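Given next are the chains, with one letter for each unit.
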Amino acid sequence: MAAAATMAAAARELVLRAGTSDMDEEEGPLEGGPGLQEPLQLGELDITSNEFILDEGVDLRHYSKQVELELQQIEQKSIRDYIQESENIASLHNQITACDAVLERMEQMLGAFQSDLSSISSEIRTLQEQSGAMNIRLRNRQAVRGKLGELVDGLVVPSALVTAILEAPVTEPRFLEQLQELDAKAAAVREQEARGTAACADVRGVLDRLRVKAVTKIREFILQKIYSFRKPMTNYQIPQTALLKYRSFFYQFLLGNERATAKEIRDEYVETLSKIYLSYYRSYLGRLMKVQVRPRRERHSWPSLRSRNTIFTLGTRGSVISPTELEAPILVPHTAQRGEQRYPFEALFRSQHYALLDNSCREYLFICEFFVVSGPAAHDLFHAVMGRTLNMTLKHLESYLADCYDAIAVFLCIHIVLRFRNIAAKRDVPALDRYWEQVLALLWPRFELILEMNVQSVRSTDPQRLGGLDTRPHYITRRYAEFSSALVSINQTIPNERTMQLLGQLQVRVENFVLRVAAEFSSRKEQLIFLINNYDMMLGVLMERAADDSKEVESFQQLLNARTQEFIEELLSPPFGGLVAFVKEAEALIERGQAERLRGEEARVTQLIRGFGSSWKSSVESLSQDVMRSFTNFRNGTSIIQGALTQLIQLYHRFHRVLSQPQLRALPARAELINIHHLMVELKKHKPNF
């Protein structure tokens, strides 16, 4: 109720203020000015709005009472509303009171928490101070531990090191790793002893005993490897004095010199082994040259040697590059001397370089394993050991080649080197690559020079100075055929274009030589017989060794076919020349459409028919005998006879077709023509059988 009364009083005051405000507006200026105040915003209670504008003539006292009455009514209504909501208001009051209590308790709790935080901050500051002190002590201890740990680690001998040195094989990686660790510990102990560290005395004895054990195992391993690598060399007749010196070196130097450094061992090894190899190969080469076949030491010109067993023949020499012979045991000179055996140069070259290849491969692999080197370091050390021997071998080869004219031997040596180079590559030994190149640099120019000398020799040969000539194969062409087939068969294994070019030049010169010799014969028939015999002989020799599709075989096959065809025509010309001439003339007239001109040839045709019928058998018999006498190769002679008889049958068949023309069809002599099938049967009787 008190609240309602309070609100009613407030409403009255508002009304009074509103009336005063209206009066002031009536007395004040109509427009805004400096003295104008902002009107009060009363909302629904604003009686100055248009809704409350009083009409003129209204009594204000009466209106005031009316307003007061309405306010009282509103007040009464508000009181009733408050009375109705009294329970809610009371509940709200209780809730506000409870909240005040809760907030009070929260205030107390926050105050306690604030005091706790203050105490925690002081504790944190204390902990920070303690942590800083502990960090300082930790750093100090770690510094001491690092220094002391380095000292202890350098002095303590781990069990893994002891086990590896005593039990692990020398070839295992862990033995090498622990051996390096042992060396590091020994160096650390020596350094600490120099600083006066007393603890070094406790481990010095252990390290010394481990070092002695490791050195002993390494030396035993070295000696085993040495003897295993050097054992195959005894098969190559190394002088016993050199072998004993080699063994004595390792026994006295390695076992007797415990303090020897790696460089001292390497230098002594190089010095000793280089002398051993040089002595061995110098002795071996000297003995090998005593069992060589001694060729004639002269510049072999093609027409100067008539012996068929010359340096121009391959024979069985090509077997030296076969897989079985290439890696066969080397020659033993004193055994060959006792048996009075002699060998061509390429066989001695193969034996010498196979021994060099085998020993060099073993030496290179031994150096890599013994001195633990690879790549350029292994290459340099190998050449320090073998360099003098390789240089001596190169000088010997260069000296021999300066007076060598055996092109086949030089070419075989080239192919031996090419194969040995492949073997070294398969064995993963690159140390000999440069040596192989140096050997080839000596062999290739000499081989090309000898071939060029042969080409020049054939080109400068004067057929008139060769003495009596006949139609049989010339010994120079035979020599060329054997020589060329030898080089072609060798070159087919590892083709070389330069060799084929030189052989092509030689072939051209030989073909020109054959033509120049053939020109010395007076008749064309003799010339053709000479050419066919020589071409056939060269082709036969080449086909024994060269491939059927080689350039040389194809070239001589074409030359032989052309000359054979020309010879057959020359052979048929004397007995059947008239028939050949008539058939060619008649076919030409028929082809040009002038067959009517054949009517004037009836007498000639009759004579040809009767002449052929009476003499063809004797002519064929004489022809066959002449061919068999003229050609040294019976198979070639048979082929020529067959070709001549075949061409004769074709000629007579063409003659029949000419006589079947209307202009000659009524010729009485046609009845005397020999039946083609009968002629073929009769001619088969003259075919030689071999």
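Residues numbered from 1 in each chain as written. Predicted model: local features only at pLDDT ≥ 70, side-chain atom pairs only at ≥ 80, totals over all residues. Heavy atoms only, no water.

Caption draft 1: Focus on the overall build of the chain. Helix and strand counts for the chain come out as 21 helices and zero strands. Taken across its 690 residues, the chain has 38% of its residues classed as buried. Of the contacts formed within the chain by residues at least 6 apart in sequence, a portion of 78% connects residues at least 24 apart. On the chain, roughly 40,300 Å² of surface is accessible, and the fraction owed to carbon and sulfur atoms is 53%. (Helix = DSSP H or I, 4+ residues; strand = E, 2+ residues; numbered from the N terminus. Buried < 20%, exposed > 50% of the residue type's maximum accessible area, 1.4 Å probe, protein only. Contact = heavy atoms within 4.5 Å. Areas by Shrake-Rupley, 256 points an atom, 1.4 Å probe, with all protein chains shown as cover.)

Caption draft 2: Molecular detail of the pattern of salt bridges. With the rule as written, the count across this model stands at 18 salt bridges. The salt bridge involving glutamate 271 is made with lysine 275; its shortest N-O contact spans 3.1 Å. Of this pair, glutamate 271 and lysine 275 both sit in helix H8 (residues 262-288), four residues apart, which is roughly one turn of that helix. Residues joined in a network through salt bridges with shared partners are Arg317, Glu346 and Asp406. (Salt bridge = Lys/Arg side-chain N within 4 Å of Asp/Glu carboxyl O.)

Caption draft 3: Representation of the side chain of serine 485. Residue placement: serine 485 occurs in helix H15 (residues 475-491). Among all residues touching serine 485, those that are not within four sequence positions of it are Tyr480, Val541, Leu542 and Arg545.

Caption draft 4: Region of interest: the packing of helix H20 (residues 634-659) against helix H21 (residues 676-684). Put simply, H20 and H21 touch, their axes get as near as 11 Å, and they point 165 degrees apart. Here H20 is positioned roughly antiparallel relative to H21, judged by the angle of their axes. Where H20 crosses over H21, the handedness of that crossing is right-handed. Along the contact surface, H20 presents Leu645, Leu648, Ile649, Tyr652, His653 and His656, while H21 presents Ile676, Leu679, Met680 and Leu683. (Axes fitted to C-alpha atoms, helices over the stretch in contact; angles between N-to-C directions. Parallel < 35°, antiparallel > 145°, perpendicular 65-115°, else oblique. Left-handed = near helix turned anticlockwise from the far one by under 90°.)

Caption draft 5: Molecular detail of a nonpolar patch on the surface. Together, Phe113, Leu117, Ile120 and Ile124 make up an exposed nonpolar region whose accessible area comes to about 360 Å². You can see leucine 117 is positioned in helix H3 (residues 86-155). (Patch = residues over 30% accessible without salt bridge, like charges linked within 9 Å, V, L, I, M, F, W, Y side chains within 5 Å.)

Caption draft 6: Local environment of H15. Its 17 residues place the ends of H15 24 Å apart at the C-alpha level, agreeing with the 24 Å of an ideal helix rising 1.5 Å per residue. With 16 of 17 residues buried, H15 lies mostly within the body of the structure. (Expected span 1.5 Å × (residues − 1).)

Caption draft 7: Up close: the nonpolar core. Within the largest apolar cluster, 148 residues are counted, with the highest numbers of intra-cluster contacts made by Leu443 and Phe655. Here phenylalanine 655 is in contact with Leu579, Phe582, Val583, Val605, Leu608, Ile609 and Leu673, once residues within four sequence places are set aside. Listed in part, the 14 residues of the second largest apolar core include Ile165, Val189, Cys200 and Val203. (Core = buried A, V, L, I, M, F, W, Y, C linked by side-chain atoms within 4.5 Å.)

Caption draft 8: The side chain of arginine 350, seen in detail. Position of arginine 350 among the secondary structure elements: in helix H11 (residues 345-370). Among buried charged residues, arginine 350 stands out as having no salt bridge; its nearest opposite-charge side chain is glutamate 325, 5.7 Å away. Apart from residues no more than four positions distant in its own chain, arginine 350 is found in contact with Val320, Glu325, Leu326, Glu327, Ala328, Pro329, Ile330, Ile416 and Phe420. (Lys, Arg positive; Asp, Glu negative; His and termini not counted.)

Caption draft 9: Structural context of unusual backbone geometry. Notably, aspartate 428 is not glycine yet its phi reads approximately 60 degrees, a positive angle. Examined against the element boundaries, aspartate 428 turns out to sit in the loop between helix H13 (407-426) and helix H14 (433-459). Taking relative accessible area as the criterion, aspartate 428 reaches 60% and is therefore assigned exposed.

Caption draft 10: Geometry of the confidence of the model for the chain. Scored by pLDDT, the chain has a mean of 79; 81% of the residues are at 70 or more. The least confident element of the chain, judged by mean pLDDT, is helix H1 (residues 2-27) at 44; the most confident is H13 at 93. For the stretch residues 229-241, pLDDT sits under 50, and the model shows 26 contacts to residues farther than four places along the chain or on other chains. (pLDDT = per-residue confidence, 0-100.)

Caption draft 11: Fine view of the packing of H11 against H13. Viewed as axis vectors pointing N to C, H11 and H13 meet at an angle of 20 degrees, and their least axial separation amounts to 9 Å. As judged from the angle between their axes, H11 and H13 are roughly parallel. Where H11 crosses over H13, the two elements pack in a sense that is right-handed. For the pair H11 and H13, the contacting residues are Phe345, Glu346, Phe349, Arg350, His353, Tyr354 and Leu357 in the first and Ala409, Leu412, Cys413, Ile416, Val417, Phe420, Ile423 and Ala424 in the second. Of the residues contributing to the contact of H11 with H13, the split by class is 12 nonpolar, one polar and two charged. (Nonpolar A, V, L, I, M, F, W, Y, C, P; charged D, E, K, R; others polar.)

Caption draft 12: How the structure looks around the packing of aromatic side chains. Enumeration over the complete set of coordinates arrives at 20 aromatic pairs. Summarising the aromatic geometry, the rings of phenylalanine 420 and tryptophan 436 are spaced 6.4 Å apart at their centres and angled 45 degrees between planes, so their arrangement reads as tilted. Highlighted residues: phenylalanine 420 in helix H13 and tryptophan 436 in helix H14, separated in sequence by 16 residues. For the residue pair phenylalanine 420 and tryptophan 436, the accessibility class agrees, reading buried in each case. Geometrically, the ring pair formed by tyrosine 652 and phenylalanine 655 is tilted, given 5.9 Å between the ring centres and 40 degrees between the ring planes. Residue tyrosine 652 and its partner phenylalanine 655 are located together in helix H20, separated by three residues, close to a single helical turn. Judged by its relative accessible area of 1%, tyrosine 652 falls in the buried class. Take phenylalanine 655: its relative accessible area is 0%, and that puts it in the buried class. Connected via pairs of aromatic rings, a cluster forms that spans Phe576, Phe582, Phe612, Trp616, Tyr652 and Phe655. Directly above the aromatic system of tyrosine 405 lies the positively charged group of arginine 446, at a separation of 5.0 Å from the ring centroid. (Phe/Tyr/Trp six-rings, centres within 6.5 Å; stacked < 30°, edge-to-face > 60°. Lys NZ or Arg CZ within 6 Å of the ring centre and 35° of its normal.)

Caption draft 13: Just the environment of histidine 656, in detail. Along the chain, histidine 656 turns up in helix H20. Taking the C-alpha atoms as reference points, histidine 656 and isoleucine 674, separated by 18 residues in sequence, lie 9.4 Å from one another. Not counting chain neighbours up to four residues away, the residues in contact with histidine 656 comprise Leu673, Ile674 and Ile676.

Caption draft 14: Fine view of the environment of glutamate 552. With respect to the helices and strands, glutamate 552 occurs in helix H18 (residues 551-591). On the basis of relative accessibility, which here comes to 2%, the residue glutamate 552 falls in the buried class. Each C-alpha atom, one on glutamate 552 and one on glutamine 507, is 7.9 Å from the other, the two residues being 45 residues apart in sequence. For glutamate 552, the contacting residues outside a window of four places in its chain are Ser484, Val488, Met500, Leu503, Gln507 and Leu542.

Caption draft 15: The arrangement of the state of the cysteines in detail. Per the stated rule, a full pass over the model turns up zero disulfides. The thiol of cysteine 404 is unpaired, and the distance to the nearest cysteine sulfur, on cysteine 413, comes to 7.8 Å. Overall, the relative accessible area of 2% leaves cysteine 404 in the buried class. (Disulfide = S-S within 2.5 Å.)

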